[in-house]
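Structural characterization, general
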Amino acid sequence: MQLGPSRLLPPPLLLLLLLAAALGLLPCGAALEPISVGIAIGAASALTGYLSSPRFYCAFVECCPGEQDRPNGTALQLNLDKKLFGQHLAKEVVLKAVTGFINNPSPKKPLALSLHGWAGTGKNFVSQIIAENMHRAGLKSKYVHLFLSTLHFPHDHQVNLYKDQLQKWIRGNVSACAKSVFIFDEMDKLHPGLIDAIKPFLDYYEQIDGISYRRAIFIFLSNAGGDLITKVALDFWRNGRGREEMQLKDLEPVLSVGVFNNKNSGLWHSSLIDRNLIDYFVPFLPLEYKHVKMCIRAEIVSRGNPVDETVVQKVADEMTFFPKDERIYSDKGCKTVQTKLDFF
Ligand SMILES: *[C@@H]1O[C@H](CO)[C@@H](O)[C@H](O)[C@H]1NC(C)=O
Ligand SMILES: *[C@@H]1O[C@H](CO)[C@@H](O)[C@H](O)[C@H]1NC(C)=O
């Protein structure tokens with residue numbers, strides 16, 4: 001358990017006060033009979049025991065989940081089913097990866113997921129859902145850390161400073177909570193030096209300087225491979241095959257080779273892939289018209305409004321689709337749905 005119950009109420013202090021009162025040492029302490037003092041002390045210690053118990057404490061203050069606390073796999077599945085559209089492969093991989101990891105009594109390394117696909121296809125969404133599954137407060141949890149390359153590590157010339165800082169953060173946070181979640185957005189824009197800085201934490205070490213990283217989760221988001229994924233999806237479509245027929249094996253080789261060989265992908269420079277430090281590549285397919293409509297409906301419902309199909313249609317028709325002739329996939333996925341909806 002990662003908490004100090006004594007932080008809430010120090011029981012010894014309370015008992016001392018009671019004893020002092022009983023012995024008449026305190027000015028206001030009336031002389032009490034020994035029996036009632038005994039009862040009072042008993043009741044007080046029972047109360048402090050409850051007040052300082054993890055269950056009471058953690059109802060008000062966020063606690064790091066203990067070894068026995070397992071996130072709810074059913075809830076994860078329900079959330080993915082309800083909120084993620086058109087991503088049968090991503091859903092399958094994430095569910096398998098996360099439930100496998102949380103049910104593994106002794107993982108050999110932290111879980112490292114690499115999410116790939118165009119903007120607006122649901123990568124951020126999925127990382128948010130995973131974070132919420134691990135820690136109730138999701139992205140707001142103090143055990144979930146989101147890094148944006150362009151925001152947190154903007155200047156190439158300061159890469160050595162960032163490296164030290166990042167390693168210190170990861171070490172500090174994992175030693176405070178083994179089940180910390182780290183999300184790196186815009187991986188393609190992350191300096192290779194920083195990827196190397198993360199690498200040791202992803203490896204198969206039992207401990208580094210007395211800290212085990214094997215319960216942590218690292219999620220990497222990037223657009224890298226998005227074009228390759230789209231190409232495979234388009235080939236499927238042009239050959240008259242259903243989107244849901246697409247299997248992981250159709251994408252995985254393309255994806256890891258593609259990401260690996262693309263100089264701009266950010267993963268290129270590093271040995272993350274060589275060394276098999278990434279456990280799962282998660283492909284996000286480009287979204288079709290019908291998926292965009294699903295996003296719009298979900299957004300309307302989440303705002304507490306009844307779904308009006310004419311509005312759904314109007315917002316969906318505002319989006320642009322590619323390739324030029326066939327107009328199958330949404331350029332921005334569901335990304336601009338929220339702002340477009342504000343209009344109506
Ligand atoms: C897991 O989540 C499901 C669906 O939300 C719920 O019905 C079930 O009671 C949960 N299980 C536990 C152990 O909390
Ligand atoms: C944990 O990470 C955050 C950045 O997300 C950082 O500000 C904080 O200092 C880290 N905590 C420790 C104890 O290193």
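Residues numbered from 1 in each chain as written. Chains lettered and ligands numbered in written order. Predicted model: local features only at pLDDT ≥ 70, side-chain atom pairs only at ≥ 80, totals over all residues. Heavy atoms only, no water.

Quick look at the state of the cysteines
This model, assessed by the stated rule, comprises 3 disulfides. Each sulfur in the disulfide pair C295 and C334 lies 1.9 Å from the other. Given an S-S torsion of about 75°, the disulfide between C295 and C334 has right-handed geometry. You can see C295 sitting in helix 12 (residues 289–302) and its partner C334 sitting in the loop between strand 7 (329–330) and helix 14 (337–343), a full 39 residues away along the chain. Here the chain pairs its bonded cysteines, counted in sequence order, in the arrangement 1-2, 3-4, 5-6. (Disulfide = S-S within 2.5 Å. Helix = DSSP H or I, 4+ residues; strand = E, 2+ residues; numbered from the N terminus.)

Describing the site of ligand 2
For ligand 2, the full set of nearby residues is H145, K168, W169, G172 and N173. Between ligand 2 and H145, the relevant distance is 3.1 Å, taken from an oxygen atom to a side-chain nitrogen or oxygen of the residue. The contact in question runs from an oxygen atom of ligand 2 to an N or O atom on the side chain of N173, over 2.3 Å. Contact with the protein chains removes 54% of the 360 Å² of surface that ligand 2 exposes when unbound. Counting residues per element, the shell around ligand 2 draws most heavily on helix 8 (residues 159–176), at 4 residues. When the residues that make up the shell around ligand 2 are grouped by side-chain class, the tally is 1 nonpolar, 3 polar and 1 charged. (Near = heavy atom within 4 Å. Polar contact = N/O pair within 3.5 Å; in protein donor to acceptor, adjacent residues only side chain to side chain. Areas by Shrake-Rupley, 256 points an atom, 1.4 Å probe, with all protein chains shown as cover. Nonpolar A, V, L, I, M, F, W, Y, C, P; charged D, E, K, R; others polar.)

Regarding the environment of G100
Residue placement: G100 occurs in helix 5 (residues 88–103). A residue is classified by how much of its surface remains accessible, and G100, at 41% relative accessible area, is partly exposed. Distance from G100 to L111, taken between C-alpha atoms, is 9.8 Å for residues 11 residues apart in sequence. (Buried < 20%, exposed > 50% of the residue type's maximum accessible area, 1.4 Å probe, protein only.)

Brief notes about the site of ligand 1
In the vicinity of ligand 1, the contacting residues are N72, A75 and L78. At 2.3 Å from an oxygen atom of ligand 1 is found a side-chain nitrogen or oxygen belonging to N72. When the free accessible area of ligand 1 is taken as 360 Å², the share hidden by the protein chains comes to 29%.

So, the sheet that holds strand 1 (residues 111–116)
The strands that make up a sheet pair up through hydrogen bonds in the backbone, lying either parallel or antiparallel. Spatially, 5 strands are ordered 2-3-4-1-5 in an open sheet, and the strand pairing comes out parallel. Each edge of the open sheet is held by one strand with a lone partner, namely strand 2 (144–148) and strand 5 (280–283). Looking at each pair of strands side by side, their axes are set apart by 15° on average, direction ignored. In this structure, strand 3 (residues 181–185) lies alongside strand 4 (residues 217–222), joined through 4 bridges in parallel fashion. (Pairing = 2+ DSSP bridges. Axes fitted to C-alpha atoms, helices over the stretch in contact; angles between N-to-C directions.)

Quick notes on the pattern of salt bridges
Tallied over the full model, the rule gives 12 salt bridges. Salt-bridge contacts for E288 lead to R243; the nearest nitrogen and oxygen are separated by 3.4 Å. A residue pair is termed long-range when its members are at least 10 positions apart, and E288 in the loop between strand 5 and helix 12 and R243 in the loop between helix 10 (226–238) and helix 11 (248–261) qualify at 45 residues. A salt bridge links E288 to K290, with the nearest nitrogen and oxygen atoms 3.8 Å apart. Relative accessible area serves as the criterion here: at 13%, E288 is assigned to the buried category. Each of R243, E288 and K290 takes part in one network of salt bridges that share partners. (Salt bridge = Lys/Arg side-chain N within 4 Å of Asp/Glu carboxyl O.)

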